[in-house]
Amino acid sequence: MVVAPIQPPKSPLAQTQENFTRYLRNPSEVAIPEGLDPRRMGVYQNLVYENIFSLLSGFFPVMVSLFNEEKWRALIAEFIRDFKAETPYFPKLGEEFIYFLSEREAQEDEPAFLLELAHYEWVELEIYMSEENLQTPIPQEQLSNVGLSLSPLAKPLAYHYPVHQISEDFQPKTPPPEASYLLVFRNPQDDVRFFELQLFSYQLLCQITQSPGLSAQEYLHNLCPETHTNPDDFLQQGMGLISNFNDSGLLAQV
Amino acid sequence: MKTPVKLQGAGLGLRRSIIDSLHENIPEAIDFFEVAPENWINVGGRLGKQLRAISEQVPLITHGLSLSVGGVHPLDKELILNIRKFLDTHQAPLYSEHLSYSNDGGQLYDLLPLPFTEEAVQHVSSRIAQVQELLGRRMAIENISYYVVPEQAMSEADFINAVVKEADCDLLLDVNNVYVNSKNHQYDPEEFIRQMPAERVAYIHMAGHYVEDDGFIVDTHGADVIDPVWKLLAFTYGLIGTPPTLLERDFNLPEMEQLLSEVKQIKSLQQTQELPHGRSAHSAA
């Protein structure tokens, strides 16, 4: 038999706070705590809601533009009601919203790419705000032999939908046959940029991310198909790519 | 525990929307800036560099939002240690938080009112003491604006005094909040300020607010400071001297000139008070 642990009774302070916040999270279903003025409790409910609404609207400008106001407002209300965001840091609230989106069941009339788009918008913001710095490029003559890692300021991404093209006027209903491979990164001017990657480049960057410390030669050997007719060409092209990432300060020596 | 940075005069709340125009050319009228550490911890890139450029030129103080020091859920020690690191990095001479809670197991990112009870005094003071221990320095606690009192066993002034004494912390006296609360809860703001522990006031906040049709006030920090609040500030200076004073403006930001004119108004009130006839007993910690 499983015995449930006995919960100590809540202190009056804990009970007061629980009654208060339960209402703020779900004002349409939870009663206002006894004895408190409905109008003034409405002020609190409004402050909590509008603050989170304006933070999240700022983090996901593209996603917001795809919703009509009423639906976006309803989604935020759902977030406040159902999700306990833990981060004390305001810029990280966007990440909490991604967790929320990934855990909830999407509604039928919502675009299927919503979570991918939100993730893409979040990664851009995360890289913009990151405390990391770009790397000093590794000297060219050492580049093929030293152990490499990918800067946290560069993120190779793969999406079913072309999230980088989605806008109010372009909202695909089904994913195209080819996935989208993107690199989001920060440049020396501290702006965030992206470009589309070939599948090969995506795989190379993923390898460097997942198993850092190998040399450029090793990564390229691992990726070169055994059936490749001209492995030297392959290696040369690959080194060209690595050299470009290195010039952009996106590779570090480990 | 003491820090060498001397804080005085008039400061401005630093929002991201104004940092771009400020970091290379800080107006002379601004003696210090204040930020919410929760907006800046672990933030680098352009924003991080701009903030660093500012804190290298003038003192930066910190005013937290997410500590939930009055909450019943465990204190976020990682947050507190990150705040400590942030204070050290920027040599920030002050950290303040609100006498409120914001966490019910998750963050609500707002300042919710505590009941004015002995239980709440004990609870919040012991947590403030823990925070001070982890920070290795004193903190200041702010009187919030509140719209309801969940339970009232003592007056707000007694509540604040008890917490400051029990926790052995400083007070961030928000003069606008005193005014807002005095209207919303019908009390005499000057009498309230007389009851505050003058020797504990580390600094003062000033702000504007929003008055609804029926006179009910919401503390938005989204408007200019109104005359009665200026008068209350002058009254406060007359009573306790002229601690460093910060203008908060979070929404509807006007042109920098307008913000600066309010910062200058703070300074001019301080200077008037500091003239020989004024009673300037206060020396800011």
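Residues numbered from 1 in each chain as written. Chains lettered and ligands numbered in written order. Predicted model: local features only at pLDDT ≥ 70, side-chain atom pairs only at ≥ 80, totals over all residues. Heavy atoms only, no water.

Caption draft 1: Up close: the overall build of chain B. Of the regular secondary structure elements, chain B holds nine helices and 12 strands. Whereas a compact globule of 285 residues would reach a radius of gyration of roughly 19 Å, chain B reaches 18 Å, a difference of no more than 12%. Here the C-alpha coordinates of chain B stretch approximately 50 × 45 × 40 Å along the principal axes. For chain B, buried positions account for 61% of its 285 residues. A fraction of 81% describes how many contacts in chain B between residues 6 or more apart in sequence connect residues 24 or more apart. A total accessible area of about 11,200 Å² is found for chain B, and carbon and sulfur atoms account for 48% of it. On chain B, the mean spot of the 22 positive side-chain charges and the mean spot of the 40 negative ones are 8 Å from each other. (Helix = DSSP H or I, 4+ residues; strand = E, 2+ residues; numbered from the N terminus. Rg over C-alpha atoms; globule rule 2.2 N^0.38 Å. Buried < 20%, exposed > 50% of the residue type's maximum accessible area, 1.4 Å probe, protein only. Contact = heavy atoms within 4.5 Å. Areas by Shrake-Rupley, 256 points an atom, 1.4 Å probe, with all protein chains shown as cover. Lys, Arg positive; Asp, Glu negative; His and termini not counted. Charge placed at Lys NZ, Arg CZ, Asp CG, Glu CD.)

Caption draft 2: Structural context of the packing of aromatic side chains. Residues and elements named next belong to chain A. Scanning the model with the defined rule gives 22 aromatic pairs over all chains in all. Between Phe79 and Phe97, the ring centres sit 5.2 Å apart and the planes meet at 70°, which makes this aromatic pair edge-to-face. Within this pair, whereas Phe79 is found in helix H4 (residues 69-82), its partner Phe97 is found in helix H5 (residues 93-103), the two being separated by 18 residues in sequence. In this pair, the class of Phe79 matches that of Phe97, namely buried. On the numbers, 5.2 Å between centres and 70° between planes, the contact of Phe79 with Phe100 is edge-to-face. (Phe/Tyr/Trp six-rings, centres within 6.5 Å; stacked < 30°, edge-to-face > 60°.)

Caption draft 3: Inspection of the pattern of salt bridges at higher detail. Applying the stated criterion across every chain, the model contains 26 salt bridges over all chains. Close ionic contact of Arg73(A) with Glu50(A) constitutes a salt bridge, the shortest N to O distance being 2.4 Å. Here Arg73(A), found in helix H4, pairs with Glu50(A), found in helix H2 (residues 38-59); they are 23 residues apart in sequence, far enough to count as distant. Residue Glu50(A) is classed as partly exposed on the basis of its relative accessible area of 30%. Linking Lys155(A) and Glu126(A) is a salt bridge whose minimum nitrogen-to-oxygen distance equals 3.7 Å. Separated by 29 residues along the polypeptide, Lys155(A) in strand E2 (residues 154-159) and Glu126(A) in helix H6 (residues 114-129) bring together distant segments of the chain. One network of salt bridges, with partners in common, ties together Arg138(B), Asp168(B), Asp170(B) and Arg200(B). (Salt bridge = Lys/Arg side-chain N within 4 Å of Asp/Glu carboxyl O.)

Caption draft 4: Geometry of the environment of Gln258(B). Checked against the element boundaries, Gln258(B) lands in helix H9 (residues 256-274). Using a relative accessible area of 29% as the deciding quantity, one classes Gln258(B) as partly exposed.

Caption draft 5: Main features of helix H1 (residues 12-25) of chain A. Between its terminal C-alpha atoms H1(A) stretches 20 Å, which fits the 20 Å expected from 14 residues at 1.5 Å a residue. Residues of H1(A) that are buried: Leu13(A), Ala14(A), Thr16(A), Gln17(A), Phe20(A), Thr21(A), Tyr23(A), Leu24(A) and Arg25(A). Contacts made by the buried residues of H1(A) are with H2 and H4 of chain A together with strand E5 (101-103), strand E6 (107-112) and helix H4 (118-135) of chain B. (Expected span 1.5 Å × (residues − 1).)

Caption draft 6: How the structure looks around the packing of H1(A) against H2(A). Residue and element names in this part refer to chain A. In the contact formed by H1 and H2, the axes pass within 9 Å of each other and the chain directions differ by 60°. The hand of the H1/H2 crossing is right-handed. Between H1 and H2, the contacting residues are Phe20, Tyr23 and Leu24 on the first element and Met41, Gly42, Tyr44, Gln45 and Val48 on the second. Taken together, the residues of the contact of H1 with H2 break down into six nonpolar, two polar and no charged. (Axes fitted to C-alpha atoms, helices over the stretch in contact; angles between N-to-C directions. Left-handed = near helix turned anticlockwise from the far one by under 90°. Nonpolar A, V, L, I, M, F, W, Y, C, P; charged D, E, K, R; others polar.)

Caption draft 7: Geometry of the domain arrangement of chain A. The assigned domain composition of chain A is domain 1 (13-110) and domain 2 (134-254). Look at where the C-alpha atoms of domain 1 of chain A and domain 2 of chain A centre, and you get two points 38 Å apart. (Domains from an automatic or database assignment.)

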